[in-house]
Amino acid sequence: MSTHSKPVFLRALDGETLVTPPLWLMRQAGRYLPEYRELRAKAGSFLALCYNPEMAAEVTLQPIRRFGFDAAILFSDILVIPQALGQALWFAEGEGPRLEPVADEERLRAIDGQADQDKLAPIIETVRRVRGALPRETALIGFCGAPWTVATYMVAGRGTPDQGPAKELFTRDQDLFQRLIDRIVVSSIDYLNAQIKAGVDAVQIFDSWAGSLGPAEFERWCIAPTKRIVEGVRARHPRTRIIGFPRGAGALIPGYVTATGVDAAGLETDIDRGFARDAIQSLVPVQGHLDPLILRAGGPELEREVAAIRSAFGPKPFVFNLGHGILPDTPIAHVERLIAAVRA
């Protein structure tokens with residue numbers, strides 16, 4: 001593929017500085033879109049939607065049709081890996097995901113071994129369908145949850161404000177927690193490689209709770225497992241670009257980038273721009289970091305913020321995105337205004 005026929009999203013990840021940065025939004029397929037809400041109601045549940053290739057492909061494509069983003073991201077969830085490992089998973093309406101907690105040896109044995117790839121097969125079929133329907137200039141992003149973040153849900157059985165149950169477990173029994181991390185690592189490598197084989201152009205590793213770890217814990221539970229995933233993907237697919245998003249890690253991100261070998265780094269909303277530009281973007285292309293609240297509010301402040309972000313990161317390889325997922329009550333007109341500002 002020549003440079004000019006390659007999607008602009010991949011050109012940015014390859015280190016090319018573009019006059020207009022490529023643009024996509026985390027959670028761009030979601031509840032702020034009326035067409036998503038309609039299909040979600042037909043599916044009956046969030047998980048039913050994730051495991052229905054026809055519906056999940058349609059949801060993935062909806063924001064591309066409406067907005068023309070430079071990349072689509074697979075519609076799925078990071079917790080399909082625990083479910084494929086044998087852990088019960090369900091979504092409580094209005095409350096989020098629930099799992100049977102893994103907090104002792106007996107529960108760990110119940111999910112012993114690798115993920116059941118048959119359970120993940122519908123998601124891989126979604127990738128094939130989306131890739132077949134996307135314009136060639138639009139990249140397709142696959143993803144998985146980082147082992148630390150996935151483990152926090154597996155141990156607590158739900159999201160927690162401080163990831164306390166997972167911290168308590170690795171403090172009490174490091175061996176048990178390490179074996180849980182190992183299962184997630186192996187399954188995540190297989191899962192990402194299957195996505196790539198089916199047609200994704202790049203993958204993102206979401207570590208939503210990376211910021212809850214101190215430096216030594218971050219090294220063991222965030223950097224080391226992510227490095228293994230990167231190496232496992234590169235062994236099979238050396239040309240696939242990998243984005244790491246250790247949300248909230250701040251000053252630890254440069255070390256994360258260097259140690260893991262990711263090709264690009266996601267930037268959360270609150271990171272200092274000067275630091276991100278000088279310490280992170282000097283190493284790899286960066287992606288982010290517009291505040292979803294500013295997008296929801298819209299108005300002149302949105303355009304000022306877009307201009308400030310482009311000024312800070314535009315002189316080097318950069319992908320415009322949010323610092324976290326788009327909020328469900330974001331007006332569509334504000335997304336349209338964002339796109340116009342980024343591409344002006």
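Above this note sits the structure.
Conventions and cut-offs
Residues numbered from 1 in each chain as written. Predicted model: local features only at pLDDT ≥ 70, side-chain atom pairs only at ≥ 80, totals over all residues. Heavy atoms only, no water. Helix = DSSP H or I, 4+ residues; strand = E, 2+ residues; numbered from the N terminus. Rg over C-alpha atoms; globule rule 2.2 N^0.38 Å. Buried < 20%, exposed > 50% of the residue type's maximum accessible area, 1.4 Å probe, protein only. Contact = heavy atoms within 4.5 Å. Areas by Shrake-Rupley, 256 points an atom, 1.4 Å probe, with all protein chains shown as cover. Pairing = 2+ DSSP bridges. Axes fitted to C-alpha atoms, helices over the stretch in contact; angles between N-to-C directions. Parallel < 35°, antiparallel > 145°, perpendicular 65-115°, else oblique. Nonpolar A, V, L, I, M, F, W, Y, C, P; charged D, E, K, R; others polar.

## Observations regarding the overall build of the chain
Here's step 1: The helix and strand tally for the chain stands at 16 helices and nine strands.
Here's step 2: Its C-alpha radius of gyration of 19 Å places the chain within 12% of the 20 Å reference for a compact globule of 344 residues.
Here's step 3: Considered along the principal axes of its C-alpha atoms, the chain spans approximately 55 × 45 × 40 Å.
Here's step 4: Every one of the 344 residues in the chain was classed for burial, and the buried ones make up 57%.
Here's step 5: For the chain, the proportion of contacts with a sequence separation of at least 24, taken over those separated by at least 6, is 74%.
Here's step 6: Counting every atom, the chain has about 13500 Å² of accessible surface; 51% of that belongs to carbon and sulfur.

## Here we look at the sheet that holds strand β5 (residues 202-207)
Here's step 1: The strand order β1-β4-β5-β6-β7-β8-β9 describes an open sheet built from seven strands, whose pairing is parallel. In this open sheet, the two edge strands, each paired with only one partner strand, are β1 (71-73) and β9 (318-322). Strand-to-strand twist in this sheet, taken as the mean axis angle between neighbours without regard to direction, amounts to 25 degrees.
Here's step 2: Of the pairings in the sheet, the one linking strand β6 (residues 241-246) to strand β7 (residues 264-267) comprises two bridges and is parallel in character. Directly across from Ile243, in β7, lies its bridge partner Ala264.

## What to know about the environment of His334
Here's step 1: Examined against the element boundaries, His334 turns out to sit in helix α16 (residues 332-342).
Here's step 2: Given the relative accessible area of 17%, His334 is considered buried.
Here's step 3: Sequence separation between His334 and Glu38 is 296 residues; the distance between their C-alpha atoms is 21 Å.
Here's step 4: Leave out the neighbours within four places in its chain, and His334 touches Leu295, Arg296, Ala297, Gly298 and Leu302.

## Here's the deal with the packing of helix α2 (residues 34-43) against helix α4 (residues 53-67)
Here's step 1: Direction vectors running N to C along α2 and α4 enclose 170 degrees, while the axes themselves pass 10 Å from each other. Accordingly, the angle class assigned to the pair α2 and α4 is roughly antiparallel. Facing α2, whose interface residues are Pro34, Glu35, Tyr36, Leu39, Lys42 and Ala43, α4 presents Met55, Glu58, Val59, Gln62 and Arg66.
Here's step 2: Its residues assigned to classes, the contact of α2 with α4 comprises six nonpolar, one polar and four charged.

Keep in mind these numbers describe shape, not what the thing actually does.
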